[in-house]
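Secondary and tertiary structure notes
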Amino acid sequence: MKPFLRQQLERYPVRLQELDFFLQQPDVVNDMARFRALTREHAEVTEVAGRYATFLQSEKDLAGAREMLEDPEMADMAREDIATTEAALAALEDELQRLLLPKDPDDVRNAFLEIRAGTGGDESALFAGDLLRMYTRYAERQGWRCEVVSASQGEVGGYKEVVLRVEGEGVYGKLKFESGGHRVQRVPATETQGRIHTSACTVAVMPEPDEAEAVKLNPADLRIDTFRASGAGGQHINKTDSAVRVVHLPTGIVAECQDGRSQHSNKAKALQVLQARIQEKERSERAAKEAALRKGLIGSGDRSDRIRTYNFPQGRLTDHRINLTLYKLQFVMEGEIDEVIDALLLARKAEQLEELEFAAG
């Protein structure tokens, strides 16, 4: 194990004793917010301290087994013990590394996934529709639930813009690295000469705000417009002004919802999307500052970052951030993006370990 990791881990048993002491103090017990925060930290520290104690015991067991090699009668058993213990130590070290990495509290949240057509006109809108299908298929395979919050359809199909709410376990943690520019290279259906065109869409993934911690919106800063919903919706559509658009005047950020059956539910959803967008703006500004200090591999999730190319003639997907190329585009477009997402999460883990080592040094 690297010395800097051991150094970090040795703090945990000490911190556990401190937390045990604090949690017995009357002033902490009477302060519910502080008590809850310390209880949560106690559970996390207990887990790490417990796994580290197991690791240290395994190291002792390994040293004991190596000593047994000196005895010819015990040598075979010792070799078996050494192989088993070394494998257990490697697994424990990997687990301890993972436990030490800083956790993003938003990872467990539901998310809003926004896809917006960019350069490429009709073809870009069609590709936005393809990306929506890719993400909804992936969500289905994860057991998540999807709901279209707002959609502006393209002239010949697809979407100029679509916002999807994705609900399930660990949604934001899995999808957060999808934010950025997605480029497509293919022969559009409208192309008669068979020429390959390049188009682009931008994707933004935003954690659904926690109601208790959401940005407090001042009603005076909002302009709320109602309008008649358009698009497929059966008998209900176009009879009432049920669609809602909310503008946050200080930032100019806009959100709208027309998918619900009532103006009240559309307003509530539009306000949620607006809050998510405001928080995402603040988060991306912070990320840009951090990225200026260190060159992050994954990037800041800025829309202008070109993160991925989907090349249809070659059946190739390339994620430019981690130089990952897969020749299985047909399956990817059907929602089989686990390999890409897992590779991005692994790259981020390696990045965090480097940061941890740098901070320790």
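Look above for the structure.
Cut-off values and rules
Residues numbered from 1 in each chain as written. Predicted model: local features only at pLDDT ≥ 70, side-chain atom pairs only at ≥ 80, totals over all residues. Heavy atoms only, no water. Helix = DSSP H or I, 4+ residues; strand = E, 2+ residues; numbered from the N terminus. Buried < 20%, exposed > 50% of the residue type's maximum accessible area, 1.4 Å probe, protein only. Areas by Shrake-Rupley, 256 points an atom, 1.4 Å probe, with all protein chains shown as cover. Pairing = 2+ DSSP bridges. Axes fitted to C-alpha atoms, helices over the stretch in contact; angles between N-to-C directions. Contact = heavy atoms within 4.5 Å. Parallel < 35°, antiparallel > 145°, perpendicular 65-115°, else oblique. Left-handed = near helix turned anticlockwise from the far one by under 90°. Core = buried A, V, L, I, M, F, W, Y, C linked by side-chain atoms within 4.5 Å. Polar contact = N/O pair within 3.5 Å; in protein donor to acceptor, adjacent residues only side chain to side chain. Phe/Tyr/Trp six-rings, centres within 6.5 Å; stacked < 30°, edge-to-face > 60°.

1. Let's talk about the overall build of the protein
The helix and strand tally for the protein stands at 10 helices and 11 strands. Of all 361 residues assigned to the protein, the portion counted as buried reaches 39%. Carbon and sulfur atoms form 51% of the exposed surface of the protein, whose accessible area is close to 19,800 Å².

2. Regarding the sheet that holds strand β5 (residues 197-207)
Pairing is mixed in the open sheet, where eight strands are placed in the order β2-β3-β1-β5-β4-β9-β10-β11. The two strands at the open ends of the sheet, each matched to only one other strand, are β2 (145-153) and β11 (324-326). Within this sheet the neighbouring strands show an average axis-to-axis angle of 15°, counted without direction. Two elements, strand β4 (residues 180-186) and strand β9 (residues 306-311), share five bridges in a ladder whose sense is parallel. In the sheet register, R183 faces β9, and the bridge partner there is T309. Across the sheet, helix α6 (residues 121-142) touches β1 (111-117), β2, β3 (159-167), β4, β5 and β9, and the angle it forms with β4 is around 110°.

3. Regarding the packing of helix α2 (residues 11-22) against helix α4 (residues 32-68)
Describing two packed helices takes the angle between their axes plus the distance from one axis to the other. At their nearest, the axes of α2 and α4 sit 9 Å apart, and the two run at 150° to each other. On the basis of their axis angle, the class for α2 and α4 is roughly antiparallel. In this structure, α2 crosses over α4, and the sense of that crossing is left-handed. In this structure, α2 contributes Y12, P13, R15, L16, L19, D20 and F22 to the contact, and α4 contributes L38, E41, H42, V45, T46, V48 and A49.

4. Quick notes on the pairing of β1
Counting buried residues along β1, five of its seven residues qualify, which places the element largely inside the surrounding structure. Two elements, β1 and β3, share six bridges in a ladder whose sense is antiparallel. Pairing of F112 across the sheet is with R165, part of β3. Pairing geometry for β1 and β5, over seven bridges, is antiparallel. Its bridge partner lying in β5, A111 is registered against P207.

5. Some points on the nonpolar core
One finds L113, I115, L131, M134, Y135, L175 and Y310 to be the most contacted residues of the largest nonpolar core, which totals 37 residues. Elements with a minimum of two residues in this core: β1, α6, β3, α7 (171-175), β5, β11, α9 (329-332) and α10 (338-360). Considering each element in turn, this core owes the most residues, eight residues, to α6. Judged by nonpolar contacts, the second largest core, of 17 residues, contains V48, A65, L96 and L353.

6. A few points about the side chain of T309
With respect to the element layout, T309 can be found in strand β9. Looking at T309, the relative accessible area reads 1%, which means it is buried. Side chain to side chain, T309 and H320 meet in a polar contact 2.7 Å long. Every residue in contact with T309, bar those within four places of it in the chain, is listed here: R183, Q185, R316, L317, T318 and H320.

7. Looking at the packing of aromatic side chains
Under the defined criterion, the tally for this structure stands at four aromatic pairs. Consider the rings of Y52 and F55, whose centres lie 6.4 Å apart with planes at 15°: the pair is stacked. Separated by three residues within a single helix, Y52 and F55 lie in helix α4, roughly one turn from each other. With respect to burial, Y52 and F55 carry one shared label: buried. Considering the side-chain rings of F127 and Y310, the 5.2 Å spacing of their centres and the 65° angle between planes classify their relative orientation as edge-to-face. Taken together, the residues span a long stretch of sequence, with F127 in helix α6 and Y310 in strand β9 at a distance of 183 residues. There is no split in this pair, since F127 and Y310 are both buried.

8. Quick word on the sheet that holds strand β7 (residues 243-248)
Pairing is antiparallel across the open sheet formed by three strands, whose spatial order is β6-β7-β8. Whereas interior strands pair on both sides, the edge strands pair on one side only; in this sheet they are β6 (222-227) and β8 (253-257). On average, each strand axis in the sheet is inclined to that of its neighbour by 15°, with strand direction left out of account. Two strands pair when backbone bridges link them, and β6 and β7 are joined in this way by six bridges, in the antiparallel orientation. Bridge pairing links F227 to A243 in β7.

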